[in-house]
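# Overview (structure and organization)
Spelled out, the chains give:
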Amino acid sequence: MSQPILELESLLTNLVIEHRRMLGYTQSQQEAMQRFDLKGMDQAQQQQEASRLRIAGLENRRRMLVIQMARACGMATPPTLTVLAQLNPQRAAALLKLRDDLKQTACDIQRRTHVVSRLAGAVMGHLNTAVRLLAGAVEQAGVYTRQGTPRLSSRIGVMEAVG
């Protein structure tokens with residue numbers, strides 16, 4: 001068995017593990033959003049960012065390893081995992097299983113983040129509406145009556161604004 005194939009298997013295993021962690025962080029973020037737990041949302045976001053960095057590092061190492069394997073086999077372009085599995089039939093089942101696990105976990109993350117982004121968009125839409133209503137109310141000047149209730153004018157004229 002060649003050392004690069006074993007190293008590739010190890011990297012793919014670590015990628016699957018890290019993607020599953022990321023899925024857990026997105027689930028905890030969604031739960032925190034449902035509870036309006038700001039601290040929990042912030043913590044989940046920080047964990048997701050750290051996980052993204054680890055995934056990027058693992059993915060970079062995987063790409064470099066595949067390029068080295070392609071050069072060793074005399075290939076002009078980096079091969080897919082299917083091609084690598086065909087070249088190494090003794091490890092083919094393990095490589096293809098890791099590929100399928102990684103694809104499935106990435107799809108699960110995509111579905112979960114889609115839900116989270118829709119929820120965040122809805123919350124931001126409500127917040128935007130509230131801010132616009134507040135800004136519209138502040139924009140119009142009003143005077144108070146003797147009873148202490150505000151009397152809003154429909155339009156402020158130039159003389160009223162200066163006076």
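Up top is the structure.
Note on numbering: residues in each chain are counted from 1, in written sequence order. Only residues with pLDDT of at least 70 are given local features in this predicted model, and only at 80 or more are side-chain atom pairs given and counted; all residues enter the totals for whole chains, interfaces and linings. To obtain the side-chain values, all non-hydrogen atoms of the structure were used and water was disregarded.

## Quick look at the overall build of the protein
Helix and strand assignments come from DSSP, with helices taken as H or I runs of at least 4 residues and strands as E runs of at least 2, each series counted from the N terminus. Looking only at helices and strands, the protein has 5 helices and 2 strands in total. For the protein, the succession of helices and strands along the chain, N to C, is α-α-α-α-β-β-α. Burial statistics for the protein: of 163 residues in total, 25% are counted as buried. Taking all contacts inside the protein whose residues are at least 6 apart in sequence as the whole, residues at least 24 apart take part in 63%. For every accessible area listed, the method is Shrake-Rupley and the probe measures 1.4 Å; residues are considered covered only by the protein chains on display. Put simply, the protein shows about 11,600 Å² of open surface, and 57% of that area lies on carbon and sulfur atoms. Type-normalised accessible area, obtained with a 1.4 Å probe on protein chains alone, sets the label of each residue: buried when under 20%, exposed when over 50%, and partly exposed for intermediate values. Residues count as neighbours in contact if any of their non-hydrogen atoms are within 4.5 Å of one another.

## Details of the pattern of salt bridges
When the charged atoms of two side chains with opposite charge come close together, those side chains can pair. Salt bridges are defined as contacts in which a side-chain nitrogen from Lys or Arg sits within 4 Å of a carboxyl oxygen from Asp or Glu. Evaluation of the coordinates by the stated rule reveals 10 salt bridges. A salt bridge links Glu 49 to Arg 52; the nearest nitrogen and oxygen atoms lie 2.9 Å apart. Note that Glu 49 and Arg 52 are positioned in helix H2 (residues 38-73) at a spacing of 3 residues, about one turn of the helix. A relative accessible area of 40% means that Arg 52 is categorised as partly exposed.

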